Amino acid sequence: MVLPSSDTPLYNHPLPEIEKWLRSQGCQQDSNELNCWHLEKPTWTAELCLEVEELAVRYINAAEGQRDIMRSFKYSLSREDIEAAVFSGP
């Protein structure tokens, strides 16, 4: 399978292709919660979860006082938009 074009809404991507895309971004799938993925960058760490209606992202210890920052992105957004928002960091 080949990924749909980057301007295609994420809900039009087959799940195996979304998983392949997340791996290509450096994410590693959680072995206990298969809908969740972990990502470590030099300056931040995040957990991404494929929920029913959205991609939920938790940037760990990213806010003042070592608090987490939570964001969510509807699957109606394009892969390109989600990629730009999520992988640029908190």
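One structure accompanies this document, and this report is about it. Quick caveat: nothing in here was measured; it's all calculated off a predicted structure.

Taken as a whole, this structure holds 4 salt bridges when the rule is applied. Here R58 ties to E47 by a salt bridge, and the two come within 3.5 Å at their closest N and O atoms. Note that R58 is positioned in strand β4 (residues 54-63) and E47 in strand β3 (residues 45-50), a separation of 11 residues in sequence. Relative accessible area serves as the criterion here: at 25%, R58 is assigned to the partly exposed category. When its relative accessible area of 17% is taken as the criterion, E47 is described as buried. Ionic pairing is found between D68 and R58, a salt bridge with its closest N-O pair at 2.8 Å. Placement of the pair is D68 in strand β5 (residues 67-74) and R58 in strand β4, with a sequence separation of 10 residues. Within the structure, one salt-bridge network assembled from shared partners comprises E47, R58 and D68.

Parameters and conventions
Residues numbered from 1 in each chain as written. Predicted model: local features only at pLDDT ≥ 70, side-chain atom pairs only at ≥ 80, totals over all residues. Heavy atoms only, no water. Salt bridge = Lys/Arg side-chain N within 4 Å of Asp/Glu carboxyl O. Helix = DSSP H or I, 4+ residues; strand = E, 2+ residues; numbered from the N terminus. Buried < 20%, exposed > 50% of the residue type's maximum accessible area, 1.4 Å probe, protein only.

Note that all results are geometric; they support no functional claim without further evidence.
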